[in-house]
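A closer look at the structure
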Amino acid sequence: MRDGGLRLTLIGAAAMLLLGAVYLWAVRGPAILMDLGNIWCA
Amino acid sequence: MMAQRRFWIAVACGAMVLTLATGLRATFGLFLKPINLDLGISRELFGLGIALQNLLWGAASPFAGAIADKFGAGRVIGAGALCYMAGLAVMGMAGGGAQIVLGNILVGLALSGAGFSVVLGAIGRAAPADKRSAALGIITAGGSFGQFAMVPYAHVLLESFGWSAALFGLAATAMLMLPLSRATASAPGAGPAAGGQTLRESLAEAFRHRGFWLLTAGFFVCGFQLVFVATHLPASLADRGLPTWVGAWTLALVGLFNIVGSYGCGVLGGRYSKKNLLSLVYALRSLVFLLFIILPMSEWSVLAFGAALGLLWLGTVPLTSGLIAYIFGPAYMSMLYGIVFFSHQVGSFFGAWLGGYAYDVTGSYDMMWWLCVALGLAAAALHWPIRERPVSRLAQTGAA
């Protein structure tokens, strides 16, 4: 694998992880925020 | 080319170690309510556990850093990972408050081994001088990403399996740090400090340097501001009549923009003066706090506050650690950053505690917000006079 290939692989992996996290937030976000909001502001 | 490839793989693995190490602990707030309901453990005791975790993380960091600098980062990160797993497992088996506190103590110790100082030091040593700041930025962005990404992951585990099994699930996730620790420490040059200065000489040199004390004092402010906001912002907003979701979304935005800010500050630190950038970051934080205080408050203004603060959140980490490596050389970077980081954690303690105390005494957080403005300006002034050049020992050898 050439150096450019490695860079692309790492950037791709990071982008997929970020997308996964954003997806999780989109799906679970309201429930999490409600839970955390209730804890912090109780 | 081969060495360069191994270096960037080590950077990616180091970033993932921090994703796990700082991300897993960021999920603990989610466990407060179910553990409170199930075991009847008070919020105060739960909070004491987290406070002890933070203080131990700071207090043990210089020692873990020194061991890593002298004997190699891989084993220290690996030991930290094992300690992390043990801490999460102890909490998962908890039948009372003592295990929750003990678990937090173990996690605090674990973070000193598998946290910022040791990983930044390993990568700082391995990095070519011109790529060091960007690499430290990537590592820090990994930690920032963890704080953002691990919360929904833990929420899935918590809702699917309950708090106890979820903590064991997190312990199993922490196991990933073991192979990653080997890869992080395997970068050419990441090994123990070889030849030249001894650990004692390095300490004496740093303690004689005015810039080291200025960095240490400045990093106190970082910890103070961050933990005050993370702990007290949602309650502060609720006091002003904003709905509870605003506080939580604001902190989520802080987490998201923090990824960009951490990486961006690392890249900028490779091109411009790091101490000037640190002064700028702290001055901008003061400006953001000031606008938060004086502008009319709405849902949107608070969300914008979260985004702006997120950009300035952990950007101080690659700049502060990069400055240490630049001035003193990277050989004992983990130990020296560990000492500066201890000041950060003392600041964290006061940010959390003083926020609550000031609220109890004055009935509002106003004094604390103004204190954040004043401390930010003080930190900007503290960083400005730092002499940003390698110590004479390095200047003579040209090894900076």
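Here is what the cut-offs are and how they apply
Every chain is numbered on its own, with residues counted from 1 as its sequence reads. As a convention, the first chain written is A and the first ligand written is 1, with the rest following in written order. Local features in this predicted model are restricted to residues whose pLDDT is 70 or higher, and side-chain atom pairs enter the listing and the counts only when it is 80 or higher, whereas totals over whole chains, interfaces and linings include all residues. Processing note: side-chain calculations cover all non-hydrogen atoms of the structure and skip hydrogens and water entirely. By the criteria applied, helices consist of DSSP H or I runs no shorter than four residues and strands consist of E runs no shorter than two, each listed in order from the N terminus. Per-residue accessibility, obtained with a 1.4 Å probe over protein chains only, is compared with the maximum for each type, and a residue is labelled buried under 20%, exposed over 50%, and partly exposed between these values. All accessible areas in this document rest on Shrake-Rupley with a 1.4 Å probe, and a residue is counted as covered only by the protein chains that are shown. These domain boundaries are the output of an automatic or database domain assignment. Only heavy atoms matter for contacts: two residues are in contact if any of them lie within 4.5 Å across the pair. Defined in terms of a 1.4 Å probe, buried area is the accessible area two parts forfeit on being brought together, summed over both. Angular values range over 0 to 180 degrees, each being the angle between N-to-C directions of two axes fitted as lines to C-alpha atoms, with helices fitted over their stretch in contact. An angle below 35 degrees is read as roughly parallel, one above 145 as roughly antiparallel, one from 65 to 115 as roughly perpendicular, and any other as oblique. Each residue is assigned to one of three groups, with Ala, Val, Leu, Ile, Met, Phe, Trp, Tyr, Cys and Pro labelled nonpolar, Asp, Glu, Lys and Arg labelled charged, and all others, Gly among them, labelled polar. The patches reported here contain residues having more than 30% relative accessible area and no salt bridge. Joining distances are 9 Å for like charges and 5 Å for nonpolar side chains (Val, Leu, Ile, Met, Phe, Trp, Tyr). Should a side-chain nitrogen of Lys or Arg be within 4 Å of a carboxyl oxygen of Asp or Glu, the pair is scored as a salt bridge. Nonpolar cores were defined as sets of buried Ala, Val, Leu, Ile, Met, Phe, Trp, Tyr and Cys residues, with membership established by side-chain atoms within 4.5 Å.

For chain A, the helix and strand inventory stands at 1 helix and 0 strands. Burial analysis of chain A (42 residues in total) assigns 26% to the buried set. If you sum the accessible surface of chain A, you get close to 2700 Å²; carbon and sulfur atoms cover 72% of it.

In this section: the domain arrangement of chain B. Residue and element names in this part refer to chain B. According to the domain assignment, chain B contains domain 1 (2-185) and domain 2 (199-395). Here the C-alpha centre of domain 2 lies 20 Å away from the C-alpha centre of domain 1. Facing 31 residues of domain 1, the contacting portion of domain 2 comprises 34 residues. Of the roughly 2600 Å² buried at the junction of domain 1 and domain 2 (both faces included), carbon and sulfur atoms supply 73%. Considering only the side of domain 1, the residues that lose the most area to domain 2 are Asp69, Ser133 and Phe148, jointly responsible for 19% of the buried surface there.

What follows deals with the packing of helix H1 (residues 2-26) of chain B against helix H6 (residues 116-126) of chain B. Residue and element names in this part refer to chain B. Where H1 meets H6, the closest approach of the two axes is 10 Å, and the angle between their N-to-C directions is 170 degrees. Between H1 and H6, the interaxial angle falls into the category roughly antiparallel. Each of Phe7, Ala10, Val11, Gly14, Val17, Leu18 and Thr22 in H1 lies in contact with H6, whose residues at this interface are Phe116, Val119, Ile123 and Ala126. Of the residues assigned to the contact of H1 with H6, the class counts are 9 nonpolar, 2 polar and no charged.

Residue and element names in this part refer to chain B. Taken together, the side chains of Leu280, Leu284, Leu287, Leu291, Ile294, Leu295 and Trp370 make up a nonpolar region of the molecular surface, amounting to roughly 650 Å² of accessible area. If one sorts the elements of the nonpolar patch by residue count, helix H12 (residues 274-294) sits on top with 5 residues. If you trace the backbone, Trp370 turns up in helix H16 (residues 366-383). On the accessibility criterion, Trp370 (44% relative accessible area) is partly exposed.

Residues and elements named next belong to chain B. Ranked by internal contacts, the top residues of the largest apolar core, which has 136 residues, are Phe31, Tyr84, Leu88, Met177, Val229 and Trp369. Considering every element that reaches this core, the biggest residue donor is helix H7 (residues 132-174), with 18 residues. Formed jointly, this core draws a minimum of three residues from each of two domains, domain 1 (2-185) and domain 2 (199-395). Other than its neighbours up to four places away in sequence, Met177 contacts Val17, Leu20, Ala21, Ala81, Tyr84 and Ala114.

Our focus in this paragraph is the environment of B:Gly247. With respect to the helices, strands and loops of the structure, B:Gly247 is situated in helix H11 (residues 244-271). Separated by 52 residues in sequence, B:Gly247 and B:Glu299 have C-alpha atoms that sit 9.2 Å apart.

So, about the environment of B:Gly347. All names here are of chain B. Here Gly347 is to be found in helix H15 (residues 333-362). Sequence separation between Gly347 and Gly108 is 239 residues; the distance between their C-alpha atoms is 16 Å. Not counting chain neighbours up to four residues away, the residues in contact with Gly347 comprise Phe220, Gly223 and Phe224.

Another aspect to go through is the packing of helix H4 (residues 73-92) of chain B against H7(B). Residue and element names in this part refer to chain B. At a minimum axis distance of 8 Å, the contact between H4 and H7 shows a crossing angle of 175 degrees. Here H4 lies roughly antiparallel to H7, going by the angle between them. Two secondary-structure elements touch here, H4 through Ala81, Met85, Leu88, Ala89, Met91 and Gly92 and H7 through Trp163, Ser164, Leu167, Phe168, Leu170, Ala171 and Ala174.

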